[in-house]
Amino acid sequence: MMNILLINGPNLNLLGTREPEIYGNKTLNDIEQDLIKVAKEKNINLECFQSNHEGKIVDKIQDSVKSVHGILINAGAFTHTSISIRDALIGSKIPFVELHISNIFNREDFRKESFLTDKAIGIISGFGISSYSLALEGIIGYLSSKD
């Protein structure tokens, strides 16, 4: 069975109430439950993890090396600041898709820079919460082509 890890970074636990005009009204739990259902239908195990703490995200990536085939990551603000998350992803050698609810390229200038994009197998940005399902389809397709 394919194991995929979904990582959500800081402030994504506030989805549903945080800037709904940008991020929508669904909670992170709603998004995760929808994705878990889709994954199960495809005989895939999806584990979901969220932290506001950079080191906990690094630990989760490192702890997943022997058990996870692919990672979906919405690193939130850490996308633009965290070399340690970048290094953990590179060091893990686990293929990953970077995803964002909003289009980071048409927002503030600092959001246009990502420490992850050049190492990701792909990036999904700007499709609202559909970015999660698009990223899941992308990583499944990528991993399936490697079998």
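Coordinates for the structure precede this section.
The model shown is predicted, which means the values in this text are computed figures rather than measured ones.

A. Highlighting the nonpolar core. Counting residues in hydrophobic clusters, the biggest one holds 23 residues, and the most contacted among them are Ile-4, Leu-15, Leu-72, Tyr-132 and Ile-139. Of all the secondary-structure elements, those providing two or more residues to this core are β1 (2-8), α2 (28-41), β2 (44-50), β4 (96-100) and α5 (130-145). For this core, the element with the highest residue contribution is α5, accounting for six residues. Ignoring any residue separated from it by four or fewer positions in sequence, one finds Ile-4 in contact with Ile-44, Asn-45, Leu-46, Glu-47, Val-68, Gly-70, Leu-72, Leu-136, Ile-139, Ile-140 and Leu-143.

B. Quick look at the pairing of β4. For β4, a buried count of five out of five residues is recorded, marking the element as mostly surrounded by other parts of the structure. Where strand β3 (residues 70-74) meets β4, three bridges bridge the pair, whose relative direction is parallel. Within β4, the position partnered with Leu-72 by the bridge is Val-97. Between β3 and its parallel partner β4, the chain crosses via helix α4 (residues 83-92), and the hand of that crossover is right-handed. Relative to strand β5 (residues 122-125), β4 runs parallel, the two sharing four bridges. Its bridge partner lying in β5, His-100 is registered against Ser-125.

C. Molecular detail of the environment of Gly-9. Relative to the assigned elements, Gly-9 resides in the loop between β1 and α1 (20-23). On the basis of relative accessible area, Gly-9 is assigned to the buried category, the value being 0%. Along the primary structure Gly-9 and Gly-122 are separated by 113 residues, whereas in three dimensions their C-alpha atoms are 18 Å apart. Those residues in contact with Gly-9 that sit more than four places away from it in its chain are Gln-50, Ser-51, Asn-52, Ile-57, Asn-74 and Ala-75.

What counts, and at which threshold
Residues numbered from 1 in each chain as written. Predicted model: local features only at pLDDT ≥ 70, side-chain atom pairs only at ≥ 80, totals over all residues. Heavy atoms only, no water. Core = buried A, V, L, I, M, F, W, Y, C linked by side-chain atoms within 4.5 Å. Buried < 20%, exposed > 50% of the residue type's maximum accessible area, 1.4 Å probe, protein only. Helix = DSSP H or I, 4+ residues; strand = E, 2+ residues; numbered from the N terminus. Contact = heavy atoms within 4.5 Å. Pairing = 2+ DSSP bridges. Right-handed = clockwise from strand over helix to strand, strands pointing away.

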